[in-house]
Amino acid sequence: MKTEYLSRKVIDYLDTNYVEIISPIINNPEFIKRKEYNHHEQRSVFYHSLMVSLTSYHLAKKLGLDYKSAAIGGLLHDFYYNDWQLTKEKRPFHLQHGFVHAKEALANSKQIFPDLIDKKVENIIKRHMFPLNFIPPFYYESWLICFVDKYCSLEIFKNPKKLYKYIGIMKEEKHE
Ligand SMILES: [Fe+2]
Ligand SMILES: [Fe+2]
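Residues numbered from 1 in each chain as written. Chains lettered and ligands numbered in written order. Predicted model: local features only at pLDDT ≥ 70, side-chain atom pairs only at ≥ 80, totals over all residues.

(A) Structural context of the overall build of the protein chain. In terms of regular secondary structure, the protein chain is built from nine helices and zero strands. Mapped in sequence order, the helices and strands of the protein chain form the string α-α-α-α-α-α-α-α-α. Here the protein chain holds 176 residues, and the buried ones make up 32% of them. (Helix = DSSP H or I, 4+ residues; strand = E, 2+ residues; numbered from the N terminus. Buried ≥ 20, exposed ≤ 12 C-beta atoms within 10 Å, placed from the backbone.)

(B) Just the nonpolar core, in detail. Within the largest apolar cluster, 31 residues are counted, with the highest numbers of intra-cluster contacts made by Ala70, Ala71, Leu75, Leu76, Ala105 and Ile125. At the level of secondary structure, the elements contributing two or more residues to this core comprise α2 (16-26), α4 (45-63), α5 (67-76), α6 (97-112), α7 (119-126) and α8 (140-152). For this core, the element with the most residues is α4, which contributes eight residues. Beyond its immediate sequence surroundings of up to four residues, Ala105 is in contact with Leu76, His77, Asp78, Phe79, Tyr80 and Ile125. (Core = buried A, V, L, I, M, F, W, Y, C linked by C-beta atoms within 7 Å. Contact = placed C-beta atoms within 7 Å.)

(C) Structural detail: α6. All of the buried residues along α6 are His101, Ala102, Ala105, Leu106 and Ser109. On its buried face, α6 sits against α5 and α7.

(D) Inspection of α2 at higher detail. Every buried residue belonging to α2 is among Ile21, Ile22 and Ile25, and all of these are buried. Viewed along the axis of α2, the buried residues span an arc of 75 degrees, placing them on a single side of the element. Among the exposed residues of α2, those oriented more than 90 degrees off its buried face are Thr16, Glu20 and Ser23. Considering only its buried residues, α2 is in contact with α3 (29-32), α4 and α5. (Arc of directions from axis to C-beta.)

(E) Inspection of unusual backbone geometry at higher detail. For the peptide bond that leads from Phe130 to Pro131, omega is 10 degrees, which places it in the cis range. Here Pro131 lies in the loop between α7 and α8.

(F) Examining the packing of α5 against α8 more closely. Between α5 and α8, the shortest axis-to-axis distance is 10 Å and the interhelical angle comes to 45 degrees. Looking at the two axes, α5 sits oblique to α8. Considering only the axes of α5 and α8, their crossing is right-handed. Contacts from Ser69, Ala70, Gly73 and Gly74 in α5 reach Glu141, Leu144, Ile145 and Val148 in α8. (Axes fitted to C-alpha atoms, helices over the stretch in contact; angles between N-to-C directions. Parallel < 35°, antiparallel > 145°, perpendicular 65-115°, else oblique. Left-handed = near helix turned anticlockwise from the far one by under 90°.)

Structure (structure tokens):
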């Protein structure tokens, strides 16, 4: 695993068990494309997903939960198709990114990593946007990723004007 883009603090948390679990995903060319997808505040979707996965893995271990599912679900929770912030396509409100990307991420994960998706990982990905997507998570691990995802996105509050991006809503461009 290449680590040149990670801080020393993050590298210290990458134990061999974790790297073994995530290596089929992290080395996949389709997943690597997420280094180019913007998340928020100068972070890529790749980096954000890795942080959610790594944090959830360690917390799950501490709490005696299924850390393997937490690591995989955390890494794939935002594995949606395209960089939504670049899309010019106008979607009705209920089909905006915040409402549909969990489903997209699940469909994409099932297609690219069919062997890694079981009922629990499926629920982790599908329910991570609760309460915006109003069906709550089912497993403890799904709740964990749901909270850790929000915690790892807190940097958006440094720039509250961009909060609409956090919840995945495309803002109308203002024209003169
Ligand atoms: Fe998400
Ligand atoms: Fe996320």
